[in-house]
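A closer look at the structure
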Amino acid sequence: MELKTLLLSLATMPLTRAETVLGVYIFHRHGDRTPKALAPTDLTPLGADEVFQSGSYYRAKYIASDASSRIYGLSNDIAVPTQLSVVSPADSVLQSSALAFLQGIYPPAGTKGVTVLANRSEVQAPLGGYQYIPVSTSSTASSSSNSENSEWLQGGSGCGNAMVSSNNYFLSSEYVSKLDQTRGFYSNLLPVINSTFTASQANFKNAYTIFDYVNVATIHNQTIPSSDLLTNDTLYQMRTLADNHEWNLAYNSSDPIRAIAGATLAAQIVQQLNSTLTGKGKTPVGIQFGAYASFMSFFGLAQLQQVSADFTGVVDYASSIVFELVTNASSVSSTSYPSADDVSVRFYLANGTAAINPPQVYPLFGQSETTLPWTTFASEMNKFAVGDTAAWCQACGNTTGICASAASTSGEGSDGSATATSTTSGNGISLPVAGVIGALVTFVVILGVEGVVYALAGLKLVKKSTLAAGAAAGSGVTGGAAEAGAKA
């Protein structure tokens, strides 16, 4: 009798609905590469293996027939190109990393990829059924073209106001103080780096490229000049100084335009996941390869630095962030696909290749919950996302090139009605307004510095007309000013 009662009570208990993964968006850093200081950079065999292993991990989690969190409707052995949206900027290291990663998630198909022809003969793709998954080269990727050959990633973004904002950091008291405090530290490293860096370049301004150069050497070189100088403490300080330098170039809470890479990435994430929802899973996987600056910019905008100071550091090679679109709906099918109200999003970070450092879940936007309703997630992301050309041009203050045509059409929608994009930072300042403020601050600071120089040198300002009149009696030789923002 007691057994019957127990079985009856168990039968009437509410069942816990199994979670279904509807789709994912993966943003991935490249694997190990040669140093930026010796550009052009190349993906190393170690780097290719790192991203391949990461792809293999995500296959085991999301794609294989026995995957632990299999994505609904996704082909598990034979890649279906329409189910994958893979993007990379035109950069050899990032493109090569994407190709190696894809071989991890969809390895050669073997006998499953054999095709029988009309004459009944069998044919298989080369290399044991290698699967050719297209990688789109996009000019709108969050990382700029050729970014891995650029010492300063913001410089290749093309966003005028973002470059002004990052340059503001070089005018800040924080930067000037750090530059002065670390002169001795970098001078002491000269015996290690003097084959590539001069004494004038051995300073905090080149914190990342110096760290990158030494880091690659410690991974690949069996001998390093004056290696006794590279103690654990020295390597740690070199890394943390590089982290500090790059974080301040990638994000500033009071000047959000500096994080344009993260704002662009945020829009791409929302657009892809929303496409998965509206298309009922037709393209459930979005993958983008990009540079570390996009990670840092996004971390700042999503307030992840409040979760851990680790988010202010440069992510390791082959790191990845994942946005998982999930539902607890009782059934999922093409005719019974969950509505947006039944869908949530979860965020993961794998710092380093996921095969060795499995992704960990973290809360976004300063919230305590790690699984957010889709509507909440999309709303929070759209507070700082920059998702179309018109919005990007306005935020960046660009008016030439592609922005020339965007400016003429940004005021009207497809039906002729007025449209507007209001993208704000956490402090309520819109990205376009913040960009203008940043430019004005830089202009005022430059004027102030020039005023001091004139005063100390005993010079005075004169009108152009007066100068021109005086020049008529002179030699007529003019000199060109140095390009603004040029690296020393």
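Look above for the structure.
Summarised in this report is the structure supplied together with it.

Concerning the environment of Gln-95
Here Gln-95 shows up in helix H3 (residues 92-105). For Gln-95, a relative accessible area of 19% gives the class buried. Along the backbone, Gln-95 and Ser-136 are 41 residues apart, and their C-alpha atoms lie at a distance of 9.1 Å. Filtering out sequence-adjacent residues up to four positions away, Gln-95 remains in contact with Ser-88, Pro-89, Val-135, Ser-136 and Thr-137. Within the structure, Gln-95 has its side chain in polar contact with the backbone oxygen of Pro-89 (distance 3.3 Å).

Digging into empty space enclosed by the protein
Applying the stated criterion to the full structure yields three cavities of 30 Å³ or more. Reported here for the largest cavity is a volume of approximately 60 Å³. Sorting the residues of the lining of the largest cavity by element identifies strand S1 (20-29), helix H2 (45-63), H3 and strand S6 (285-290) as the ones contributing at least two each. The greatest single-element share of the lining of the largest cavity, amounting to three residues, is contributed by H2. For the lining of the largest cavity, a count of residues per class yields eleven nonpolar, no polar and no charged.

A short note on the nonpolar core
Counting residues in hydrophobic clusters, the biggest one holds 79 residues, and the most contacted among them are Ile-193, Phe-298, Phe-299, Ile-321, Phe-323, Trp-374 and Phe-377. Considering each element in turn, this core owes the most residues, nine residues, to helix H11 (residues 260-278). If we ignore the near neighbours within four places in the chain, the residues touching Phe-299 are Trp-247, Leu-304, Gln-305, Phe-311, Val-315, Ile-321, Phe-347 and Leu-349.

Some words on the environment of Tyr-317
Mapped onto the elements, Tyr-317 comes out in the loop between helix H12 (292-301) and strand S7 (320-327). Each C-alpha atom, one on Tyr-317 and one on His-28, is 9.2 Å from the other, the two residues being 289 residues apart in sequence. Sequence-distant contacts of Tyr-317, defined by excluding residues within four places in its chain, comprise Arg-29, His-30, Gly-31, Asp-32, Arg-33, Glu-50, Asp-212, Asn-215, Val-216, Ile-219, Gly-352 and Thr-353.

Let's talk about unusual backbone geometry
Cis geometry marks the peptide bond from Ala-39 to Pro-40, where omega comes out at 10°. Position of Pro-40 relative to the elements: it lies in the loop between S1 and H2. For Gln-303, which is not glycine, the phi torsion reads 65° and is therefore positive. On the secondary structure map, Gln-303 appears in the loop between H12 and S7. In this model, Phe-365 sits at a positive phi of 60°, which is unusual for a non-glycine residue. With respect to the helices, strands and loops of the structure, Phe-365 is situated in the loop between strand S9 (360-361) and strand S10 (371-373).

Let's talk about the packing of aromatic side chains
Scanning the model with the defined rule gives 27 aromatic pairs in all. Summarising the aromatic geometry, the rings of Tyr-169 and Phe-170 are spaced 5.9 Å apart at their centres and angled 50° between planes, so their arrangement reads as tilted. We note that Tyr-169, like Phe-170, is buried. Ring centres of Tyr-175 and Phe-204 lie 5.8 Å apart, and the angle between their planes is 35°; on these two criteria the pair is classed as tilted. Here the residue Tyr-175 occupies a position in helix H6 (residues 173-181), and Phe-204 occupies one in the loop between helix H8 (190-193) and helix H9 (207-220), the gap between them amounting to 29 residues. The two residues Tyr-175 and Phe-204 agree in class, both being buried.

Re the pairing of S1
Counted residue by residue, S1 has ten buried out of ten residues, so it is predominantly covered. Across eight bridges, S1 lies against S7 in antiparallel orientation. Each bridged residue has a counterpart across the sheet, and for Thr-20 the counterpart in S7 is Thr-327. The pairing of S1 with S6 spans six bridges and is classified as parallel. The residue bridging Val-24 from the neighbouring strand is Val-285, located in S6.

Procedures and definitions
Residues numbered from 1 in each chain as written. Predicted model: local features only at pLDDT ≥ 70, side-chain atom pairs only at ≥ 80, totals over all residues. Heavy atoms only, no water. Helix = DSSP H or I, 4+ residues; strand = E, 2+ residues; numbered from the N terminus. Buried < 20%, exposed > 50% of the residue type's maximum accessible area, 1.4 Å probe, protein only. Contact = heavy atoms within 4.5 Å. Polar contact = N/O pair within 3.5 Å; in protein donor to acceptor, adjacent residues only side chain to side chain. 1 Å grid on protein atoms, 1.4 Å probe; cavity = no way out; pocket = protein on both sides within 12 Å on 5 of 7 lines; lining within 4 Å. Points joined across faces, edges and corners; volume = space filled by probe spheres on them. Nonpolar A, V, L, I, M, F, W, Y, C, P; charged D, E, K, R; others polar. Core = buried A, V, L, I, M, F, W, Y, C linked by side-chain atoms within 4.5 Å. Phe/Tyr/Trp six-rings, centres within 6.5 Å; stacked < 30°, edge-to-face > 60°. Pairing = 2+ DSSP bridges.

Nothing here speaks to function; it is all geometry.
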